[in-house]
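# Fold and contact review
If you want the building blocks of each chain, they are given just below.
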Amino acid sequence: MKVDRRAFVKLIAGGIGGTLLSPLPWKLADDSAIWSQNWSWRPSPERGEATMVNTVCQLCPGGCGIRVRLINGKRAVRLDGNPNNPLNQGGICPLGATGLQYHYGISRIESPLKQKGTRGEVKTLEPITWDEAVALLAAKLKSLRAQPQGLVCLSGKQNGTVSEFFSRFLEAYGSPNYLTMPAAAQAESLGVFLSQGVRTPLSYDFENARMILSFGADLIEGWGAPCRMMSAFRLWRSKSGSQKTRLVQIETRGSLTASQADEWLAVAPGTEAALALGLAHVIVREKIYDRAFVDNYTHGFDDWTDSQGRRHQGFKSMLLEEYTPARVAEITGVQQEKIVELARNFALTKPALAVSGRGQGKMDGSLYEFLAVLSLNALVGSVHRPGGVSWAVTPPLAPWPKVVQDSTSRNGLRSERLDGSGGPDLPLGGHLLYNFLENVPKGKPYPTKMLWVYEANPAHDLADVNLFVKALEKIDTVVSFSSFMDETTVMADLILPAPTFLERFEDVSGDRGLQYAYFGLSRPVLQPRFECRHPGDVLIKLAKMLGGSVAASFPWDNYEEALQARIQGLAAAPSGRVADEPGLQPWSHLGERLAPNYGSADELWEMLQEHGCWYDTSQSMPSLSSAFKTPSGKFEFYCQALKEAGVTGSDSTYLPHYQPADLPGGKEEYPYLLMPYEVMIIENGPLANQPFMTKMLFDFELKGRDSFVEINPKTAKEVGLREGDRVELTTAIGSVKVRLHLTESARPGVIFIPLGLGHSAFDRYIRGKGANANEVLAVLQEPLTGLASWWGTPVKISRA
Ligand code: SF4
């Protein structure tokens, strides 16, 4: 069966009304019923009383409010969007709508497992009891305590209290080595710190903007909080006349966002920063920038003299000298006239915002590209203003008590980080996973003794995936906290099964681009199916077994109690409400105080469980006069914080600029470029597609066991290949076999490969389907930041 993805997006963007009115879900359900009739684990609706309960989806960091339809209070038969939730407005994405297949699916881990044979061998994973598992882990931790820095934790979540629990445990134990998986938010936070003095991701006021310039961010294909973005898209399309919101997509590939945009500019791969600076050139040259903002609130626009009397180049003269439309047209392939027209439109449409972060934002990204796009926002005065960008607004959770440290933890925390972050070569900090993976085999600066992996699947999801596999060979003990038998979990020595999102308490702070404070609460609406335990409870138990300062740092009886302690902060805040009515539009009330609809922390906790989320609009944007914490107290085009961090170089080092990527492999041997892309119906994160999602893929995306890459017909003709041909793609790091899909939306010379397929683990419904792009994608690290800013790998193609 073919499902038109655009129709599907319209369906889900339409929220609950769309879900009920469209025939599509019923057709899908029908097909699925026929296809799945022989599954032993097929969800079969029971007879009985139906009730709806609210919770928050945790299948991606979007944090949507969902409604679970329960039969007899114990069997979930359906998930829908919660119309009272301001973030998703009743909408639900394909992943969320089919999320019950994760809960009832067959790749769940049923009990703790210990590897009794060779690592990676599923047959020798032996069930053990929780008491045995925790005792084993506690004994290992005790034996390593003298050198606590050898413990590393890799989290798939960028934030949230469970991630904080893991980093807290490491701090109490004495290890500085808490790492997260790559994410665009890293470059974004660093860019905000360098230009504004505060280390935080941005919020984007998409709902109030009248023009949006997206530099590769797939806004309606899973970027940010996906259902929020689909609601925003629906809002843009509902406006008309002078209120209409115009979306311009700047992206090499003809993505779903590109196809739905008002205009799509197919830039040459990796040249987004050059285009942003070319637009800035025109805006400055034509003097159509926001003079009041630039004159009063920015530093380094004009050439300037420092306190030692040294003259420095400013942003303006650099733009005028180096980023003329003629040069930028040559770099990007976008016509000069188009650059001029777009720059004028962007500067003169108020409010307008620019956003960067390729695909769904699951790659680190380039600092300078981010700074270039952020500078565009500053030029048009769209920083900390309605319809522009501001800082992520975090809900005012109460802090936990300070971590207790003993002499062992203090010594351990003084160690250099295993990823080199914050050290002399990489002073800007951050989570530099690839550096860590390169250092592990060398045992530098010291051996990694134990790795914990929480809700992440690096053995499948990292570019140049063998780096991770090789690193594991040098790590004595690998522990996986996961609900599913993913590729990383298979390679663990100890597996500690976690409850699914329908079986556990957890929070979502909703800072993925939201312009108001949001706190979502997942709660256990179903009994755990198996012998799984909340990772937070496991950490508390471990801490108590270790005793001393580690135990003192975890004074709670269970994770729920620790989470409730944080809620006190929301209850004490003067503004904020539990979302308990439909049609809430927080973006229409930015800066307004909300009268709380609860009287105490206990009442708030009860209401959160009943309704799912809390939100506040009062803290949305700081005042321009006091916002910037930079050396100049202003928004810095010329980032003096880089100098303060010890980074040396010419003036251009401190200014946003375009750096061509230094791609691995010679052009002669690898004449084409392989670029990864993400789509919403191929899960590319710690989960793999469940059967229903895979069923939605087109025949030209996955057919049988073969996945497809997109290629322009001209490129295919050059190498004598046709639609559907089976080919081998070879890069400097490996090869994969795929089939070709010819499409005019692929740029000539570039081959586009989807991320998220080619699993060797999970269940039989997804295992072995398609190729894992990460087996052939190389990692490109930005020298200044160490962040993985990969976006393409030179490749050759031959008939398989
Ligand atoms: S966008 Fe994310 S949080 Fe929302 S329903 Fe989909 S998977 Fe769940």
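Analysis parameters
Residues numbered from 1 in each chain as written. Predicted model: local features only at pLDDT ≥ 70, side-chain atom pairs only at ≥ 80, totals over all residues. Heavy atoms only, no water. Buried < 20%, exposed > 50% of the residue type's maximum accessible area, 1.4 Å probe, protein only. Helix = DSSP H or I, 4+ residues; strand = E, 2+ residues; numbered from the N terminus. Pairing = 2+ DSSP bridges. Axes fitted to C-alpha atoms, helices over the stretch in contact; angles between N-to-C directions. Parallel < 35°, antiparallel > 145°, perpendicular 65-115°, else oblique. Contact = heavy atoms within 4.5 Å. Nonpolar A, V, L, I, M, F, W, Y, C, P; charged D, E, K, R; others polar. Polar contact = N/O pair within 3.5 Å; in protein donor to acceptor, adjacent residues only side chain to side chain. 1 Å grid on protein atoms, 1.4 Å probe; cavity = no way out; pocket = protein on both sides within 12 Å on 5 of 7 lines; lining within 4 Å. Points joined across faces, edges and corners; volume = space filled by probe spheres on them. Expected span 1.5 Å × (residues − 1). Arc of directions from axis to C-beta. Right-handed = clockwise from strand over helix to strand, strands pointing away. Salt bridge = Lys/Arg side-chain N within 4 Å of Asp/Glu carboxyl O. Core = buried A, V, L, I, M, F, W, Y, C linked by side-chain atoms within 4.5 Å. Phe/Tyr/Trp six-rings, centres within 6.5 Å; stacked < 30°, edge-to-face > 60°. Lys NZ or Arg CZ within 6 Å of the ring centre and 35° of its normal. Near = heavy atom within 4 Å. Patch = residues over 30% accessible without salt bridge, like charges linked within 9 Å, V, L, I, M, F, W, Y side chains within 5 Å. Areas by Shrake-Rupley, 256 points an atom, 1.4 Å probe, with all protein chains shown as cover. Lys, Arg positive; Asp, Glu negative; His and termini not counted. Charge placed at Lys NZ, Arg CZ, Asp CG, Glu CD. Left-handed = near helix turned anticlockwise from the far one by under 90°.

Turning our attention to the pairing of strand β15 (residues 352-359). The buried count for β15 comes to eight of eight residues, which makes it a mostly enclosed element. Where strand β9 (residues 211-217) lies against β15, six bridges are found, and the strand directions are parallel. Each bridged residue has a counterpart across the sheet, and for Leu213 the counterpart in β15 is Ala354.

Running from N to C, helix α11 (residues 272-285) and helix α13 (residues 315-322) cross one another at 110°; their axes reach a closest spacing of 9 Å. By the criterion of interaxial angle, the relationship of α11 to α13 is roughly perpendicular. For the pair α11 and α13, the contacting residues are Leu277, Ala280, His281, Val284 and Arg285 in the first and Phe315, Lys316, Leu319 and Leu320 in the second. For the contact of α11 with α13, the per-class residue count stands at six nonpolar, one polar and two charged.

With respect to the helices and strands, the residue His460 is situated in helix α19 (residues 458-461). Within the local environment of His460, its side chain forms a polar contact with the backbone oxygen of Leu757, the two atoms lying 2.7 Å apart. In contact with His460, not counting residues within four places along its chain, are Val465, Glu487, Gly756, Leu757, Gly758, His759, Asn772 and Asn774.

Take the sheet that holds strand β3 (residues 75-81) next. Within a sheet, adjacent strands bond to each other through the backbone by hydrogen bonds, running parallel or antiparallel. Overall, antiparallel pairing links the three strands, which are arranged β1-β2-β3 in an open sheet. Since the sheet does not close on itself, it has two edges, and those belong to β1 (50-56) and β3, each with one partner. Along the sheet, successive strands turn relative to each other by an average axial angle of 30°, direction set aside. The pairing of β1 with strand β2 (residues 65-71) spans seven bridges and is antiparallel. Residue pairing across strands places Thr51 opposite Leu70, the latter belonging to β2.

This next bit is on empty space enclosed by the protein. Under the criterion given, the structure shown has five cavities of 30 Å³ or more. By volume, the largest cavity amounts to about 180 Å³. Residue lining of the largest cavity: 15 residues in total, with Glu251, Arg358, Gly359, Met675 and Pro676 positioned closest to the centre. For the lining of the largest cavity, the elements supplying multiple residues, two or more each, are β15 and β25 (672-677). Per-element accounting of the lining of the largest cavity gives the leading share, three residues, to β25. Looking at the lining of the largest cavity residue by residue, the class counts come to six nonpolar, three polar and six charged.

Glancing now at the sheet that holds β15. The four strands lie next to each other as β11-β10-β9-β15, forming an open sheet whose pairing is parallel. Looking at which strands have only one partner, the edges of the open sheet turn out to be β11 (263-265) and β15. Across the sheet, the mean angle separating the axes of adjacent strands is 20° when strand polarity is ignored. Those strands touched by helix α16 (residues 367-379) are β9 and β15, and its axis lies near 165° from that of β15.

A few words now on helix α6 (residues 130-144). An ideal rise of 1.5 Å per residue puts 21 Å on 15 residues; α6 measures up with 21 Å between its terminal C-alpha atoms. Along α6, the positions that sit buried rather than exposed are Trp130, Ala133, Val134, Leu137, Ala138, Leu141 and Leu144. One side of α6 carries all its buried residues, which in axial view fall inside an arc of 125°. Residues Asp131 and Ser143 are exposed on α6 and point more than 90 degrees away from its buried face. The inward-facing, buried residues of α6 contact β6 (151-155), α7 (161-173), β17 (450-454), β18 (477-482), β19 (494-497) and α22 (535-546).

Here strand β10 (residues 246-250) lies mainly inside the structure; four of its five residues are buried. Running through helix α9 (residues 226-238), the crossover from β9 to the neighbouring parallel element β10 is right-handed. Relative to β11, β10 runs parallel, the two being bridged by three bridges. The residue of β11 that forms the bridge with Val248 is Glu263.

On to the pattern of salt bridges, then. All told, the structure shown has 31 salt bridges when counted by the stated rule. Where Glu126 meets Lys116, a salt bridge forms, and the shortest distance between an N and an O atom there is 2.3 Å. Of this pair, Glu126 sits in strand β5 (residues 125-127) while Lys116 sits in the loop between β4 (113-115) and β5; the two residues are ten residues apart in sequence, bridging distant segments of the chain. You can call Glu126 partly exposed: its relative accessible area is 36%. Residue Lys116 is classed as partly exposed on the basis of its relative accessible area, which comes to 45%. Within this structure, Lys157, Glu455, Arg504 and Glu506 form a network of salt bridges that share partners.

What follows deals with the environment of Gly704. Position of Gly704 among the secondary structure elements: in the loop between β26 (702-703) and β27 (706-711). Note: C-alpha distance between Gly704 and Trp791 (87 residues apart in sequence) is 28 Å.

If you look at the biggest cluster of nonpolar residues, it comprises 89 residues, and the most contacted ones within it are Phe206 and Leu213. Once residues lying within four places of it in the same chain are set aside, the contact partners of Phe206 are Ile212, Leu219, Trp223, Arg228, Met229, Ala232, Trp236, Leu353, Val355 and Gln515. In this structure, Leu462, Ala471, Leu740 and Ala773 belong to the second largest nonpolar core, which totals 70 residues.

The next subject is the packing of aromatic side chains. Aromatic ring pairs are described here by two measures, namely the spacing of the ring centres and the angle between the planes. Counting across every chain of the model gives 30 aromatic pairs. Residues Tyr289 and Phe301 carry aromatic rings whose centres are separated by 5.0 Å and whose planes lie at 55° to one another, so their mutual orientation is tilted. Placement of Tyr289 in the loop between α11 and α12 (291-297) and of Phe301 in the loop between β12 (298-299) and β13 (304-305) is noted, with a sequence separation of twelve residues between them. With relative accessibility at 4%, the residue Phe301 sits in the buried group. Consider the rings of Phe293 and Tyr297, whose centres lie 5.8 Å apart with planes at 45°: the pair is tilted. Within this pair, Phe293 and its partner Tyr297 are both found in helix α12, separated by four residues, close to a single helical turn. With relative accessibility at 0%, the residue Phe293 sits in the buried group. Joined through ring pairs, the aromatic side chains of Phe165, Phe166, Phe169, Tyr173, Trp400, Trp452, Tyr454, Phe481, Phe554, Trp556 and Tyr559 make up one cluster. We note Arg199 situated over the ring of Phe193; from NZ or CZ to the ring centre the distance is 5.8 Å. For Lys643, the ring lying beneath its charged end belongs to Tyr654, and the centroid distance is 4.6 Å.

Within the structure, the ligand sits among Cys57, Leu59, Cys60, Gly63, Cys64, Ile92, Cys93, Leu95, Gly96, Pro226 and Cys227. The set of elements that each furnish at least two residues to the shell around the ligand consists of α4 (94-97) and α9. Across the shell around the ligand, the residue classes break down as nine nonpolar, two polar and no charged.

On the surface, a cluster of negative charge is made up of Asp602, Glu603, Glu606 and Glu610. Position of Asp602 relative to the elements: it lies in helix α25 (residues 601-611).

Time to look at the packing of helix α24 (residues 559-572) against α25. Relative orientation of the contacting elements α24 and α25 amounts to 110°, with a least axis distance of 9 Å. In terms of orientation, α24 and α25 fall into the roughly perpendicular class. Where α24 crosses over α25, the handedness of that crossing is right-handed. Contacts between α24 and α25 involve Glu560, Leu563, Gln564, Ile567, Gln568, Leu570 and Ala571 from the first element and Ala601, Leu604, Trp605 and Leu608 from the second.

On to the environment of Glu678. Take Glu678: it is sitting in the loop between β25 and α28 (691-695). Given a relative accessible area of 3%, Glu678 falls into the buried group. Once residues lying within four places of it in the same chain are set aside, the contact partners of Glu678 are Asp218, Glu221, Arg358, Gly359, Gln360, Gly361, Lys362, Asn684 and Leu755. Among the polar contacts listed, one links the side chain of Glu678 to the backbone nitrogen of Gln360, at a separation of 2.7 Å.

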